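# Observations on chain architecture
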Amino acid sequence: QVQLVESGGGSVQAGGSLRLSCVVSGFIYRRLCMGWFRQAPGKEREWVATLVSEIVSSGSATVADSVKGRFTISQDNAKNLYLQMNSLRPEDTAMYYCAAQSRGGIFCSLSVGLFAYWGQGTQVSVSS
């Protein structure tokens, strides 16, 4: 009943932009930590950005240092997630996943293991 479905990935040249979307359904918590992770071939899945639904405002979202200033996480009133990716670099090439913690609250984890719900992923490829 809880589903996350990503879309918006693709292939772009370095410096380009992409906007990822994650359609969310089945959640009952108004306040829930949700976000984006990515995984490149041969690498561990890493945190990219998170926010707490219903507590979205300027400065409320958190992004990894590697994408700070380039990526922006946001959410609409239906809890759907978005990741605006600008100034893309080849190092950003990975499968991108949206995810959510299993219980509501205002705390966000940076650890993959605390996120119980995951989408199927959408591929982002950046060429130099």
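A brief look at the structure comes next. Here the structure is a predicted model, which is why all the values come from computation and not from measurement. (Residues numbered from 1 in each chain as written. Predicted model: local features only at pLDDT ≥ 70, side-chain atom pairs only at ≥ 80, totals over all residues. Heavy atoms only, no water.)

## A few points about the environment of M85
Mapped onto the secondary structure, M85 falls in strand β8 (residues 81-85). It is 11 Å that separates the C-alpha atoms of M85 and A14, two residues lying 71 residues apart in sequence. Leaving out residues up to four positions away in the same chain, M85 has contacts with G16, S17, L18, L20, R70, F71, Y96 and V124. (Helix = DSSP H or I, 4+ residues; strand = E, 2+ residues; numbered from the N terminus. Contact = heavy atoms within 4.5 Å.)

## A word on the state of the cysteines
Under the counting rule described, the total for this entry stands at two disulfides. Disulfide pairing places C22 opposite C98 at an S-S distance of 2.0 Å. On the sign convention where negative is left-handed, the bridge of C22 and C98, at about 55° about the S-S bond, is right-handed. Residue C22 is located in strand β3 (residues 18-25), and its partner C98 is located in strand β9 (residues 94-101); the two are separated by 76 residues in the primary sequence. As far as the burial class goes, C22 and C98 line up, both buried. The side chain of C33 participates in a disulfide bridge whose partner is C108; the two sulfur atoms lie 2.2 Å from each other. Its S-S torsion of about 120° marks the bond between C33 and C108 as right-handed, since a negative value means left-handed. Residue C33 is located in strand β4 (residues 33-39), and its partner C108 is located in the loop between β9 and β10 (115-118); the two are separated by 75 residues in the primary sequence. We classify C33 as buried; its relative accessible area is 0%. (Disulfide = S-S within 2.5 Å. Buried < 20%, exposed > 50% of the residue type's maximum accessible area, 1.4 Å probe, protein only.)

## Quick look at unusual backbone geometry
The residue K79 is not glycine, and still its phi comes out positive at about 80°. A residue is classified by how much of its surface remains accessible, and K79, at 12% relative accessible area, is buried. In this model, S87 sits at a positive phi of 50°, which is unusual for a non-glycine residue. Within the secondary structure, S87 sits in the loop between β8 and β9.

## Quick look at the sheet that holds β8
With respect to topology, four strands assemble into an open sheet ordered β1-β3-β8-β7, the strand pairing being antiparallel. The open sheet has two edge strands with one neighbour each: β1 (3-7) and β7 (71-75). Between one strand axis and the next, the sheet turns through 15° on average, direction left out of account. One ladder, built from five bridges, connects β1 with β3; its direction is antiparallel. Residue pairing for β3: Q3 is matched across the bridge by S25. (Pairing = 2+ DSSP bridges. Axes fitted to C-alpha atoms, helices over the stretch in contact; angles between N-to-C directions.)

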